[in-house]
2 protein chains.
Amino acid sequence: MAITIRDVARRAQVSVATVSRALTTPDLVRAETRSRVLAAATELGYRPNRAARGLITGRTGNIGIVVPDLGDPVFTAVLKAAQARAAQADYAVFVAGGDEDPATEVKLVHAMAKQVDGVLVCAPASTDEQVAEAAGATSLVLLDRDLPGVPAALLDGAGGAEQVVDHLVALGHRRVAVLDGPRASWSNRQRRRGLAAARARHGVDLVDLGPFAPSYEGGTRAADLALAGDVTAIVAYDDIMASGVLARLRDRGVPVPGEMSVTGFGDLPYAELCSPPLTTVAVPLAAAGRTAVAMLLAGFDAQDADVPRVVLPTRLVVRSTTAPPPGPVRPRRDQP
Amino acid sequence: MAITIRDVARRAQVSVATVSRALTTPDLVRAETRSRVLAAATELGYRPNRAARGLITGRTGNIGIVVPDLGDPVFTAVLKAAQARAAQADYAVFVAGGDEDPATEVKLVHAMAKQVDGVLVCAPASTDEQVAEAAGATSLVLLDRDLPGVPAALLDGAGGAEQVVDHLVALGHRRVAVLDGPRASWSNRQRRRGLAAARARHGVDLVDLGPFAPSYEGGTRAADLALAGDVTAIVAYDDIMASGVLARLRDRGVPVPGEMSVTGFGDLPYAELCSPPLTTVAVPLAAAGRTAVAMLLAGFDAQDADVPRVVLPTRLVVRSTTAPPPGPVRPRRDQP
DNA sequence: CTGAAAGCGCTAACAA
DNA sequence: TTGTTAGCGCTTTCAG
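What counts as what
Position numbers for residues count from 1 along each chain, tracking the sequence in the order it is written. For this description, chains carry letters from A and ligands carry numbers from 1, given in the order in which they are written. Only residues with pLDDT of at least 70 are given local features in this predicted model, and only at 80 or more are side-chain atom pairs given and counted; all residues enter the totals for whole chains, interfaces and linings. Just so you know, side-chain values use all the structure's heavy atoms and leave hydrogens and water out. One side-chain nitrogen of Lys or Arg within 4 Å of one carboxyl oxygen of Asp or Glu is enough to make a salt bridge. Elements are defined by DSSP. Helices are runs of H or I of four residues or more, strands are runs of E of two residues or more, and each kind is numbered from the N terminus. For each residue, the accessible area found with a 1.4 Å probe, counting protein chains only, is set against the maximum for its type, and the residue is called buried under 20%, exposed over 50%, and partly exposed in between. A least-squares fit on C-alpha atoms brings the copies together, and the residues used are those whose pLDDT is at least 70 in both copies. This count recognises Lys and Arg as positive and Asp and Glu as negative, with His and chain-terminal groups excluded. Counting of polar contacts relies on pairs of N or O atoms within 3.5 Å, with two restrictions inside protein: one atom must be capable of donating a hydrogen and the other of accepting it, and residues adjacent in sequence are counted only when both atoms are side-chain atoms. Contacts are assigned to residue pairs with any non-hydrogen atoms lying within 4.5 Å of each other. Consider each residue's heavy atoms; a residue with any of them within 4 Å of a molecule or strand counts as near. When residues are grouped by polarity, Ala, Val, Leu, Ile, Met, Phe, Trp, Tyr, Cys and Pro land in nonpolar, Asp, Glu, Lys and Arg in charged, and all others, Gly among them, in polar. Fitting a line to C-alpha atoms yields each axis, with helices limited to the stretch in contact; the angle taken between N-to-C directions then spans 0 to 180 degrees. To sort the angles, those under 35 degrees are grouped as roughly parallel, those over 145 as roughly antiparallel, those from 65 to 115 as roughly perpendicular, and the leftovers as oblique. For any helix crossing, the convention is left-handed if the near helix is rotated counterclockwise from the far helix by under a right angle, and right-handed if that rotation is clockwise. Whether two strands pair comes down to DSSP finding at least two bridges between them. UniProt positions are given in the numbering used here, feature names are shortened, and annotations may be inferred rather than shown by experiment. Residues enter patches when they are more than 30% accessible in relative terms and free of salt bridges; like-charged ones are connected within 9 Å and nonpolar ones (Val, Leu, Ile, Met, Phe, Trp, Tyr) within 5 Å. In this description, accessible areas are obtained by the Shrake-Rupley approach with a 1.4 Å probe, and a residue is regarded as covered only by the protein chains that are shown.

Chemist: Please set out the pattern of salt bridges residue by residue, giving values where relevant.
Modeler: Residues and elements named next belong to chain A. Inspection of the entire model under this criterion finds 34 salt bridges over all chains. E32 is the salt-bridge partner of R36, the closest N and O atoms lying 3.9 Å from each other. Here R36 and its partner E32 are both found in helix α3 (residues 31-44), four residues apart, which amounts to about one turn of the helix. Residue classification places R36 among the partly exposed positions, given a relative accessible area of 32%.

This is the structure we're talking about:
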């Protein structure tokens, strides 16, 4: 068996209670005793059993993270930042990835509930009811999903979408294709909201296409449809779809951005590596992960009943896939 | 407080011991009693506290995974598969990412040790001594790192490297640049071993360049050096470096594969998306993750003293970045 | 087949 | 300032 608090007590010639105190509430023990205990602990290589501690304190020192897909770079970016932030506070993190079933996410939360102090749930596809119910099982923070009463770290997808359209309009585009992604997600709804706002504001023609799979293949398929749509720009659902679009356009001999502008969403590492480098919306995934974890941790202590809800700003990154539309640039006429 | 075994016992009109048995060793309780208990448990939504159980059984039902970098798609691929495999066996997984310090990995193992039944350590950069010492703290399985006495799931990097050279030689290349990556890693040593073997076998000229950072920028830098080296092919350390090479060659107007062949290593998703699609070595990351977890789990039960060590095969995937060298193909002369 | 009781490693009153 | 004791939620002898 591993070494326990009792071994340390024996070696330091004190009771287990004193060892416990020396470790958790050092001020409550005489300096000399404390150092003796600490010395004994180090010599023995003692590491408290957090599970046992949790049993009595009700605090496990663990948090959980549930993501829709551990293979998706969007979520691993969040995970990385979240894990780092948690480690900073000496919290360990459980991770679980749902796969097919949207209800899985909720199950995962329940499965973790007893072993963690709280769970960060990323972009759950579950229904509001399911999420609310899961929130009953443990302390919850949502990421990229909004639900009244549950703390959330949100990404301003609407703002990002607006910036994209603003940019395209500024370049002179008047008719652009919008490639839709999976309909269900909250973030997609946000993005569409931003698109709608921009459309209203500028009076641009936004040609809705899709939905397409958020994949390279989805992008290649979408490109052909967009090409048939008499547009001068394509707003893809995300970077990966955009890369498919780019590839297909190249195959079909359509110069980008000369004949066609293309934008992505996410600014994943490879957006920069596309050729040409992709104009896209940078989404602060790492910041979101950090923030969400910070909210979770803060929620453990603070008992104020307010439900924090922070929206992280997105930012358009202009690279080389956007340019004025071909032909003579028609002067823009804004709505009166 | 959450609902405990006692609540279930009360509701089912039995003792807590019976509830425990009904849940863990169903055969030991009368069918009728069992169903009564199970019903009560379901009605109450009871979920046993695994930490408390672990305290007494010595089994936590958790495993840990330590990776060098949670942002690296190589490791998240492993993580995804490992997590899935663990979930299958109803194990939850802790995840931690080391960052700078190689010794961090060992610390992470120790930090997890008490909360898990075993840890999967991916490609640790620590010294043999450090790893061996960590293996003392808990049940360990290594991935992509070999150490006598510790079970390991290995990737056949040497074989992959040999396949690359075989392929290039078969195409007629006689002088190829090899871009080195971080020297320290075990997997890099393996790859170099494969290269050396192939060189000895074929008598090809292998021009060692580097080391370079395993990044896009590293690749662009490397490309220029390779170009100056009078070679007809470039073997990059990994896919990402290869994509940098590709980009730089395009910028410099060198047709691939017409004037220069390029290979990667890893077959990450975007290898296929490169333009042209990258010839590379497929590494069974998911299989490795699954296997490693399976080994870990198996090790918990079996008490045979043998130390499993499985080597997963890699496989060359020929796409469009390799072709015969330019100019008249000189007939190959193998060594006598 | 079932219950009573001990105890896993630890913390939190309560005394001393 | 320190030790004694109870007990967190659970499993596991040991009786019955």
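Back to the write-up after that little detour.
Chemist: How would you summarise the relation of the copies chain A and chain B if you had to cite specific residues and measurements?
Modeler: Least-squares fitting of chain A to chain B yields an RMSD of 0.1 Å, with the superposition described by an axial translation of 0.0 Å and a rotation of 180 degrees. Such a combination of rotation and displacement between the chain copies is what one expects of a two-fold axis. Relative to the rotation axis, the closest C-alpha in chain A is found at F94 of chain A, a distance of 2.2 Å.

Chemist: So what's going on with the side chain of D117 of chain B? Which residues, and what values?
Modeler: All names here are of chain B. Checked against the element boundaries, D117 lands in the loop between α6 (103-113) and β3 (118-122). Although D117 lies buried, it forms no salt bridge, and the closest oppositely charged side chain, R59, sits 5.1 Å away as judged by the N-O distance. Within polar-contact distance, the side chain of D117 engages the backbone nitrogen of T60 at 2.7 Å. In this view, D117 contacts G58, R59, T60, G61, N62, Y91, T138, S139 and F300; residues no more than four positions away in its chain are not counted.

Chemist: If you had to explain the protein's contact with DNA strand C to someone new, which residues and values would you point to?
Modeler: Lining the immediate environment of DNA strand C, one finds 27 residues, of which I5 and R53 of chain A together with T18, R21 and T33 of chain B sit closest. Expressed as a percentage, the sugar and phosphate content of the atoms of DNA strand C within 4 Å of the protein is 65%. Between N49 of chain A and DNA strand C, the recorded distance is 2.9 Å, taken from a backbone N or O atom to a phosphate oxygen. Between a phosphate oxygen of DNA strand C and a main-chain N or O atom of R30 of chain B, the distance comes to 2.8 Å. Elements with a contribution of two residues or more to the surface near DNA strand C: α1 (5-12), α2 (16-24) and α4 (50-57) of chain A together with α2 (16-24) and α4 (50-57) of chain B. The greatest single-element share of the surface near DNA strand C, amounting to five residues, is contributed by α4 of chain A. Tallied by class, residues from the surface near DNA strand C come to 14 nonpolar, eight polar and five charged.

Chemist: Please set out the packing of helix α10 (residues 216-227) of chain B against helix α11 (residues 239-251) of chain B residue by residue, giving values where relevant.
Modeler: All names here are of chain B. At a minimum axis distance of 7 Å, the contact between α10 and α11 shows a crossing angle of 55 degrees. The orientation of α10 relative to α11 falls into the category oblique. Judged by the sense of rotation from one axis to the other, the crossing of α10 with α11 is right-handed. Residue-level inspection shows Y216, G218, G219, T220, A223, D224 and L227 of α10 in contact with α11, the latter providing I240, M241, S243, G244, V245, A247, R248 and L249. Broken down by class, the residue content of the contact of α10 with α11 amounts to eight nonpolar, five polar and two charged.

Chemist: Residue-level account of the sheet that holds strand β6 (residues 175-179) of chain B, with values.
Modeler: All names here are of chain B. On the basis of which strands lie adjacent, the open sheet formed by four strands has the order β7-β6-β8-β9 and parallel pairing. Two strands bound the open sheet, and with one partner strand each, they are β7 (205-209) and β9 (261-263). Sheet twist, expressed as the mean angle between neighbouring strand axes with direction ignored, is 20 degrees. Where β6 meets strand β8 (residues 233-235), three bridges bridge the pair, whose relative direction is parallel. Following the sheet pairing, A177 is matched in β8 by I234. Relative to the sheet, α11 contacts β6, β8 and β9, its axis offset from that of β9 by approximately 155 degrees.

Chemist: Give me the protein's contact with DNA strand D: which residues, what numbers.
Modeler: Taken together, the neighbourhood of DNA strand D is formed by 26 residues, with T18 and T33 of chain A together with I5, Y46 and R53 of chain B sitting nearest. What you see for DNA strand D is that sugar and phosphate hold 66% of its atoms within 4 Å of the protein. With respect to DNA strand D, the side chain of R6 of chain B contributes an N or O atom lying 3.2 Å from a phosphate oxygen. At 3.2 Å from a base nitrogen of DNA strand D is found a main-chain nitrogen or oxygen belonging to A52 of chain B. Listed by contribution, the elements that provide at least two residues to the surface near DNA strand D are α2 and α4 of chain A together with α1 (5-12), α2 and α4 of chain B. Here the residues of the surface near DNA strand D are counted per class, giving 13 nonpolar, eight polar and five charged.

Chemist: Account for unusual backbone geometry, with residues named and values stated.
Modeler: Of note, the amide linkage connecting G210 of chain B to P211 of chain B takes the cis form, showing an omega dihedral of 10 degrees. Within the secondary structure layout, P211 of chain B lies in the loop between β7 and α10. Each neighbour pair has its own omega, and for S275 of chain B with P276 of chain B the value is -5 degrees, a cis peptide bond. Following the sequence through the fold, P276 of chain B ends up in the loop between β9 and β10 (280-282). One non-glycine residue with positive phi stands out, namely D267 of chain A, at about 55 degrees. Relative to the elements of secondary structure, D267 of chain A occurs in the loop between β9 (261-263) and β10 (280-282).

Chemist: Before we move on, can you summarise the UniProt feature "domain: HTH lacI-type" (unreviewed entry) in chain A with the specific residues and values?
Modeler: Mapped onto the present numbering, the UniProt feature "domain: HTH lacI-type" (unreviewed entry) falls at residues 3-57 of chain A. Taken end to end, residues 3-57 of chain A comprises 71% helix and 0% strand; its first and last C-alpha atoms sit 21 Å apart.

Chemist: Mind laying out a nonpolar patch on the surface, listing which residues take part and the relevant values?
Modeler: Residues L55 and I56 of chain A together with L55 and I56 of chain B make up a contiguous nonpolar surface patch of about 460 Å² in total accessible area. Put simply, the parts of the chain that give the nonpolar patch at least two residues each are α4 of chain A together with α4 of chain B. For I56 of chain B, the position within the fold is in helix α4. With relative accessibility at 74%, the residue I56 of chain B sits in the exposed group.

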